[in-house]
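Close look at the chain arrangement
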Amino acid sequence: MCRGCFNQLFLRDEFYSGGMAGMLGKAAGMPTRRAFMAYSVASASALTGVGASPVFAADQGADLILRGGTIRPLPGAPVVSAIAVKGGKVLAVGDESALSGLKTGETKVVDLDGRTLLPGLIDPHNHTILASLIFELLDDVGYAKFRTRDKLVAHLKQEAADTPKGQWIVGSNFDNLLQGGDFTRAELDLISTEHPIFVWYTNGHDACVNSEALKIAGIPEDVGELPGGGHFGRGADGKLNGIVYEESAMLKFAVHFLGKITPDIAAKTVTDYCRHMGSVGNTLLHEPGTIRSEWIEPFAKLSNTLACRTSASVMFDDMKGLTPWRSLGLGRGAPVDNSLFSLCGVKIVGDGSNQTQTGAQTRPYLNSTSKGSPNFDGARLKGMVAEVKAFGLPVQIHCNGDYTVDVALDAIESAYAGSTDFGVNRIEHSTMARPDQILRMKMLNVQPSFLMNHVRFYGAAYRDQIFGPERAAFMDPAGACVKAGLPFTMHTDAPCSPPGPLALISTAMTRRCIIDNSVVGLDQAVSLDDAIRAVTIDAARQLEQSDRLGSLEKGKEADFTILESDPYKVSPDAIADIKVSETWVAAERKFAA
Ligand SMILES: [Zn+2]
Ligand SMILES: [Zn+2]
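Residues numbered from 1 in each chain as written. Chains lettered and ligands numbered in written order. Predicted model: local features only at pLDDT ≥ 70, side-chain atom pairs only at ≥ 80, totals over all residues. Heavy atoms only, no water.

A count of helical and extended segments in the protein chain gives 21 helices and 25 strands. The C-alpha radius of gyration computed for the protein chain amounts to 24 Å, which stays within 12% of the reference 25 Å derived for 593 residues, consistent with globular compactness. Overall size of the protein chain, expressed as C-alpha extent along the three principal axes, is 80 × 50 × 50 Å. A separation threshold of at least 6 residues defines the contact pool for the protein chain, and within that pool the share at least 24 residues apart is 72%. For the protein chain, the separation between the mean place of its 57 positive charges and that of its 67 negative charges on side chains is 3 Å. (Helix = DSSP H or I, 4+ residues; strand = E, 2+ residues; numbered from the N terminus. Rg over C-alpha atoms; globule rule 2.2 N^0.38 Å. Contact = heavy atoms within 4.5 Å. Lys, Arg positive; Asp, Glu negative; His and termini not counted. Charge placed at Lys NZ, Arg CZ, Asp CG, Glu CD.)

Dropping the structure here:
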């Protein structure tokens, strides 16, 4: 199984009525010529542009004007007080008096009342579908909700008190690094012996269960390793200690507490999740690989009702499933069949996670001889990347360790030779990229995307337990990118870290780890302008949508994130706590606080 930034337990046929391929409902069939014609017409009109459109020449009236606040169209561009919208697109930005000629009797006027309007914020790596299932179907017991072990245990006890005896208590997102170390069977037995308990770790690969759960799942005390590598931890006394490792072992429990997920349930979880993503400021999410090609058509249909635009790459293993979509010219950021859903690139998971010391490094982890290990050797990765290039698409390679960055850049150089003709090739996370690798990315026109919440939550652990101070200071090296003139983006990797772009912006500026309030690698801090670019225009460019999204310019889509306070007027630390007031997608209000 892939050791990556996500888990695949949910991608099992067992959990879906009709099997996993039908998770979001059956596709009506492969995309048709008629769908392609509809798509072509839609994109042709989208590309006409405001200035050239005869509609606008004949009728200068705006559908909508937002005024009375601080409007920041793009970092570095002048701040204005009004924005006019027509046909879902930006018609003009400027001062209110300059836009007054666009106002007709039909124009709707929205008063910003002193709030700040930014281009819609983008999370370019958010496992939308898996996060939906995890956040919406399971109880989140993660660090964002329970900062101490005591609070978490009290919550689980309360759940037990509120739950009829015999029913499952299931928590997800438990973070052993931040929430007091591994759970044990004995500790969970103190919470309840009358309810089966399953606590799923945020790394996706482990869980802890109590004695009642072991009984219901029928796990004998002398259980060995299961087919597929699943296994069970043992304490010093040789008895099962409740820790369950890997998918085939976790499945023994999950079949008891997860009911069958129907297409209606799946659609509802994605809908609820996207509304939640709007509430933290997102207007576009990119799903990196945890989508199946069979889901593209039903997902595109669903997308028009979601609170965010969506985009996705498929995994390398599933690339052939993109063939019908490629034949329609898709896969490079254009929307699928007149929807709010786009396809962009192919994902490869190059190594594991630094938190579990499975990211592949050129030097050993701190106080260890282990360097982790990559998922593919250099020759295999070269072959895979060459296949993606032959398919005409850019590649997105998950690389947490610097060794994996080396082999990924070798493979990209060999296939694309610095060309951007196939879009932007991305190194996902690039967590431990070295200074020379940042310069090499610049030379090869490859761009990194940083999981900046690594610094926020794990900065102290990277420094003290995993890498030592010198290497930790260069984790997620956004500052080096700015110095090199290399565009970068930032993502949350939800459900692997809490969603929301404002915390990414704040952390990129302060480099503060909120666990011990220390600053990790201040040299890598960036300005607010640079941080905002990383979740707006530069994120749109990595997703090949910068012609339509990422800034507020005439002819671009009217996607906004409206904040209660101006990030330029509060301290960098306080940016993470700014309240999101509204989000708009294609001139429609999708979230309002
Ligand atoms: Zn990843
Ligand atoms: Zn990921």
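Okay, helix α5 (residues 149-162) next. For the α-helix, the turn length of 3.6 residues means that residues three or four positions removed from each other point alike. Counted at 1.5 Å a residue, the expected span for α5 with its 14 residues is 20 Å, and the 20 Å between its end C-alpha atoms agrees. Three or more residues of α5 are buried, namely R149, L152, V153, H155, L156 and A160. One side of α5 holds all its buried residues, which, seen down the axis, span an arc of 155 degrees. Exposed side chains of α5 directed beyond 90 degrees from the buried face belong to D150, K151, A161 and D162. (Expected span 1.5 Å × (residues − 1). Buried < 20%, exposed > 50% of the residue type's maximum accessible area, 1.4 Å probe, protein only. Arc of directions from axis to C-beta.)

Time to look at the packing of helix α12 (residues 378-390) against helix α13 (residues 402-416). Two numbers describe how α12 lies on α13: the axes approach to 8 Å, and their chain directions differ by 40 degrees. By the angle between their directions, the pair α12 and α13 is classed as oblique. Considering the relative orientation of α12 and α13, their crossing is right-handed. For the pair α12 and α13, the contacting residues are G378, L381, K382, V385, A386, V388 and K389 in the first and V407, A408, D410, A411, I412, S414, A415 and Y416 in the second. (Axes fitted to C-alpha atoms, helices over the stretch in contact; angles between N-to-C directions. Parallel < 35°, antiparallel > 145°, perpendicular 65-115°, else oblique. Left-handed = near helix turned anticlockwise from the far one by under 90°.)

For the coordinates displayed, the defined rule picks out 36 salt bridges. Ionic pairing is found between E544 and R332, a salt bridge with its closest N-O pair at 2.7 Å. In this pair, E544 sits in the loop between α20 (537-542) and β23 (560-563) while R332 sits in strand β15 (residues 332-335), placing the two residues 212 residues apart along the sequence. We note a salt bridge from R440 to E413, for which the minimum N-O separation is 2.8 Å. With a gap of 27 residues between them, R440 in helix α14 (residues 435-444) and E413 in helix α13 connect regions that are remote in the sequence. (Salt bridge = Lys/Arg side-chain N within 4 Å of Asp/Glu carboxyl O.)

Quick look at the side chain of S506 now. In this structure, S506 sits in helix α18 (residues 501-510). Within the structure, S506 has its side chain in polar contact with the backbone oxygen of P572 (distance 2.8 Å). Residue contacts for S506: discarding those within four places in its chain leaves R456, P572, D573, I575 and A576. (Polar contact = N/O pair within 3.5 Å; in protein donor to acceptor, adjacent residues only side chain to side chain.)

Looking now at helix α4 (residues 128-137). With 8 of 10 residues buried, α4 is to be regarded as a mostly interior element. Taken as a whole, α4 has its buried residues at T128, I129, L130, A131, S132, L133, I134 and F135. Here the buried face of α4 lies against β7 (139-140), β8 (169-174), β9 (197-201), α9 (263-279), β13 (282-289) and α10 (296-303).

Alignment of strand β2 (residues 80-86) against strand β3 (residues 89-94), held across 5 bridges, turns out to be antiparallel. In the strand pairing of β3, V85 is matched with V90. Counting the residues that bridge the hairpin from β2 to β3 gives 2 residues, and of these G87 lies at a positive phi of roughly 60 degrees. (Pairing = 2+ DSSP bridges.)

A few words now on the packing of helix α15 (residues 453-466) against α18. Relative orientation of the contacting elements α15 and α18 amounts to 60 degrees, with a least axis distance of 7 Å. Contact with α15, carried on its side by N453, V455 and R456, involves A503, L504, S506 and T507 of α18 and no other residues of that element. Grouping the constituent residues of the contact of α15 with α18 by class yields 3 nonpolar, 3 polar and 1 charged. (Nonpolar A, V, L, I, M, F, W, Y, C, P; charged D, E, K, R; others polar.)

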